[in-house]
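Here are the chains, one letter per residue:
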Amino acid sequence: MGDDIDGWPNIHDDILKEIAEHLYSYDDFIQLGLVCKQWSLKLPEISSDILWLLVPEESSSTHIYEDEEIYHLMQLPIADEVPLDIQSLDEDEIHHLKLPEMQNKLIRGSFGGWLIVLDIYQGSMYMLNAFTKVHLDLPPISTFPDIIYYNPNNYGFEYTIRDLDFDDMNDYRGSSSFINSIYVWKVIINSCPSNDNEDFLAVAIYGLRCTLAFYKPNNKRWSDLSTRKPWFHDVIFFGEKIYAVEECGQLYEFDINTKSGPVGGIHEAKPPSDAAVGPYYRLKYYLVGCANGSLLMLARYFLSGSCCTYKFNIYELKKNAKEWSRLDSLENYVLMIGFNSSVQMLPASIQTKGNQIYFTDNLIEWKSPDYAECQDIGIFDLDDGSCQRLLSDVKFMCPPVWCYSSSFL
């Protein structure tokens, strides 16, 4: 018996590989590697230090899963691959990840393996590490600046909201089921959170007018950030500052090295002159910080009446510059945009070619109920202007998001 036990660490590589190939859960795979050191060294690595697409289980009348907490972890397709769908992926390219208690939850941010999760029913918000399952709370929706009253027992009218731009406007009253599902558009964080990180900061695009609020550790509420109330499209941390872009392409800049919280306002750079929307288009702006110190603004164009990406224009604001210039190529870089913190990466780290934009769908403000499950996910190639659609045959109740390690940043 003793010899048999001693033999388990020395199990043949092919047998161990055969066992691993029958495990489709990321969590189970990790547990297998913890049996002993020898097994851990023999098993192929499923690393959090690569880029993943985190995809909720398919939701349709013909494909129903009993466990609603299962998510797919999908590696990105190599450049010029055939269109991606879940059924065509090799088992080596897809793994299942069990995220705790994700029923009726929305993901509204992603950074360094951390997900920003919102509970539709409770209105609570928290940060969840997709790989370690560590869970840290954020202040709930009821603590945003323009929520003036919240009563969970006042069924159908739990929230009372004031438009902070117009003092003479009547307060808006709404149900928690509606407000919780549409009130938070996106949340970014400046670093991986921990209980002793006093420099941690979170910024949210929130509310009926897509304004900005921030959270610092030990605060019990979200605090107002912007002085004006434009419709913000995207916000990022970059170079010890916060940058945000609003619906007209105007850039905002905030200094975060202050005790009371971020301070700033409109940046002196005017919006790009040629980014105006034509009669057949509408657009959404994104910001990306670059390794060379420049700031990029992406204009993502959609055909009118559609939520499908048509093209991208890219503008660069070089360090200390006051005007945007048109950029025709990303050269060797790849950009990732969506609900994740927008980021620039080198293609070698994600096994693809450069000069591409990987995008997921964060167009919740444009979605009618009939199209809520249809997602606009793909890869835009700046070399030829082509757009490869991903997962176009799958409907999701919660949009997929990019999930990547902080080592990429």
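Within any chain, residue numbers begin from 1 and follow the written order of that chain's sequence. Owing to the predicted nature of the model, reporting of local features is limited to residues with pLDDT of at least 70; listing and counting of side-chain atom pairs is limited to 80 or more, with chain, interface and lining totals taken over all residues. The side-chain figures draw on all heavy atoms in the structure; neither hydrogens nor water molecules are used.

A.B. asks: Got a minute to help me understand the packing of aromatic side chains in this structure?
C.D. replies: Each pair of aromatic rings is reported with the distance of its centres and the angle of its planes. Classification of ring pairs uses Phe, Tyr and Trp, with its six-membered ring standing for Trp, and accepts pairs whose centres are within 6.5 Å; under 30 degrees between planes counts as stacked, over 60 as edge-to-face, and the remaining range as tilted. Tallied over the full model, the rule gives 11 aromatic pairs. Between Tyr183 and Tyr206 the ring centres are 5.9 Å apart and the planes differ by 55°, which places this aromatic pair in the tilted class. Placement of Tyr183 in the loop between helix H5 (176-182) and strand S11 (184-189) and of Tyr206 in strand S12 (residues 202-206) is noted, with a sequence separation of 23 residues between them. Side by side, Tyr183 and Tyr206 carry an identical accessibility label, which is buried. Between the aromatic rings of Phe232 and Tyr252, the centroid separation amounts to 5.0 Å while the plane-to-plane angle is 75°, which identifies the pairing as edge-to-face. Here Phe232, found in strand S15 (residues 232-238), pairs with Tyr252, found in strand S17 (residues 251-255); they are 20 residues apart in sequence, far enough to count as distant. Residue exposure (1.4 Å probe, protein chains only): buried if accessible area is under 20% of the type maximum, exposed if over 50%, otherwise partly exposed. Its relative accessible area of 2% is what places Phe232 among the buried residues. Of the residues examined, Tyr252 reaches a relative accessible area of 1% and is grouped as buried. Secondary structure elements are taken from DSSP: a helix is a run of H or I of four residues or more, a strand is a run of E of two residues or more, and numbering for both begins at the N terminus.

A.B. asks: Looking at this model, I keep getting lost on the confidence of the model for the protein. Mind explaining?
C.D. replies: It should be kept in mind that the predicted coordinates are not to be read in detail where pLDDT is low. Residue-level confidence of the predictor is what pLDDT reports, using numbers from 0 through 100. In the predicted model, the protein carries a mean pLDDT of 78, and the fraction of residues at 70 or more is 70%. Between two residues, a contact is recorded if the distance between any of their heavy atoms is within 4.5 Å. Per-residue pLDDT stays below 50 along residues 59-68; that stretch engages in six contacts with residues further than four places along the chain or on separate chains. Every residue in residues 77-93 scores below 50 in pLDDT, and together they form 36 contacts with partners more than four places removed in sequence or on other chains.

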